[in-house]
Amino acid sequence: MAVAYVIAIDQGTTSTRAILFDHAGDVAGMGQVELTQHFPQPGWVEHDPEEIWQSVRECVGLALAHANATAEDVAAIGITNQRETAVVWDRATGKPLHRAIVWQDARTQPFIDRLTAQHGADAFATLTGLPLAAYFSASKYRWLLDHTGSQERAERGEVLLGTIDSWLLWNLTGGAHGGIHATDVTNASRTLLMDLRERQWSPRMLAEFAIPAAALPRIRTSTAAYGTAAAPSLLRGVPITGVLGDQQAATFGQAAFAAGESKSTYGTGNFVLVNTGAEIVRSAHGLISTIAYELDTGEIAYALEGSVAVTGAAVQWLRDSLGLITTASQVESLAESVPDSGGVVFVPAFSGLLAPHWRADARGALLGMTRFTGPGHIARATLEAVAWQTRQVLDAMAADTGVSIPQLRVDGGMVVNDLLMQLQADALGVAVVRPAVTETTALGAAYAAGLAVGFWSGLDELRRQWREGRRWEPTATARHREAAYAQWCKGVDRSLGWVD
């Protein structure tokens, strides 16, 4: 009997999932495990790499059980992951030397400030596509080597560095017993260490951050024969043939294969990508140049990306820090309890602002409150902040490309919030479209893996599988929309320069 499924391992910021997809791209089985968040100091965010690996193993078992499937039913494994998060581990023992430093972590900002003062924020943007920022992996690697005393061992290749995809691939293929140390171009493009055009580690950037090449993974295409799963994995013998960073995977899952096609993912943060085709487009409006995907057939697509650090994380803050809600899903009903935000503006710059501002000195601001303000107004202002931040990024994309999007394809955990989707349509003045299959990040990783083994025939077949689930049309007048946007931008201005 022919194999029935491709499995995607989707290792995110707040949870890990494994999802089995059938040939139609529908979900056949799923497992999900939440991930512990560690905040040892203000501005620091860490994960336990061993907990991450254990969560993957557990999720795979749950997904297989849900579908009543075994490894013999699985054609290939795809990996997608939270990007930029940095791991350091011992090659011989397989043990991490420190908790992973998560992409949101800002501890290396003083180091970045020194480099910026020396070179300028965009000194390496032509080479890497990225500004100097603590967001990317390079300064996290530097911190990990310094604080574990591992520089010399890394130079000998005894200590390894990698993003989460590399950590998972190494463990899946045997770990300390023959594990493969590799990454794909999309994840490598988020480190500040890769030459964007050559798609290899840049000697200049490695020297700038003093990162030993011997510790880094080999850069591969997004679809490739990476290796096979080893014992004791329940997927033993199944080939691993697709790796994509989570936002690129969502773009792939949305079938945004042509230049000009885009998507917006609503998760812990928000990430808008627009495919720019085979050419690198340089942004003049605060976006970054990155790789959307590179196939083993030689086809490559670059992208412009706008990264927003805090969207879903702001809802978690309402729940965990303020206690306004007990579950994240309750934010919708709380926000719907009032007709508007009552003049409240929320800028969730908890650790600065990413695109299009790139201001590490910004901090969160809750403005416009009166004695009339209640929990519903704060909840609604939080959802509006998600919509306005996305609007700012899309305005920057339109300025860079000269083209405004006719509609916005959306995905991610927050798109189940119907009020947010309506607010987003109103903020943009264009339709917002949610696909029938909302697990687009995992689907993109499955698509990449399945393409490599012939489970799907090509990009045209994948494009035909995309189906619209629901659409929201804008209801706000242009006058109301622009006035509300101007008020929110005033709040952004107030948040800047808070940290000296």
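Residues numbered from 1 in each chain as written. Predicted model: local features only at pLDDT ≥ 70, side-chain atom pairs only at ≥ 80, totals over all residues. Heavy atoms only, no water.

J.: Would you mind going over the environment of Leu 324 with me for this structure?
T.: Along the chain, Leu 324 turns up in the loop between α10 (312-320) and α11 (330-336). A sequence separation of 230 residues divides Leu 324 from Gly 94, and the C-alpha atoms of the two residues are 42 Å apart. Aside from chain neighbours lying at most four places away, what touches Leu 324 is Leu 318, Leu 334, Pro 375 and Ile 378. (Helix = DSSP H or I, 4+ residues; strand = E, 2+ residues; numbered from the N terminus. Contact = heavy atoms within 4.5 Å.)

J.: Which parts of the structure should I look at to understand the packing of helix α1 (residues 49-67) against helix α6 (residues 164-172)?
T.: Helix-helix packing: each pair is described by the crossing angle between the helix axes and the interaxial distance. For the pair α1 and α6, interaxial distance at closest approach is 11 Å and the crossing angle is 60°. Comparing their axes, α6 and α1 come out oblique. In the packing of α1 onto α6, the handedness of the crossing is right-handed. When α1 is examined against α6, the residues Pro 49, Glu 50, Ile 52, Trp 53 and Val 56 are found in contact with a partner set consisting of Ile 164, Trp 167, Leu 168, Asn 171 and Leu 172. Across the contact of α1 with α6, the residue classes tally to eight nonpolar, one polar and one charged. (Axes fitted to C-alpha atoms, helices over the stretch in contact; angles between N-to-C directions. Parallel < 35°, antiparallel > 145°, perpendicular 65-115°, else oblique. Left-handed = near helix turned anticlockwise from the far one by under 90°. Nonpolar A, V, L, I, M, F, W, Y, C, P; charged D, E, K, R; others polar.)

J.: Sorry if this is basic, but what is going on with the pairing of strand β22 (residues 431-435) here?
T.: In the case of a regular strand, side chains alternate between the two sheet surfaces. The element β22 is extensively covered by neighbouring structure, given that five of its five residues are classed as buried. Bridging between strand β21 (residues 407-411) and β22 involves three bridges; their strand directions are parallel. Of the residues in β22, the one forming a bridge with Gln 407 is Ala 431. With helix α13 (residues 418-428) bridging β21 and the parallel β22, this β-α-β connection has right-handed handedness. For β22 and strand β23 (residues 468-472), the ladder comprises four bridges, and the chain directions are antiparallel. Each residue of the ladder has a partner; that of Pro 435, found in β23, is Glu 468. (Buried < 20%, exposed > 50% of the residue type's maximum accessible area, 1.4 Å probe, protein only. Pairing = 2+ DSSP bridges. Right-handed = clockwise from strand over helix to strand, strands pointing away.)

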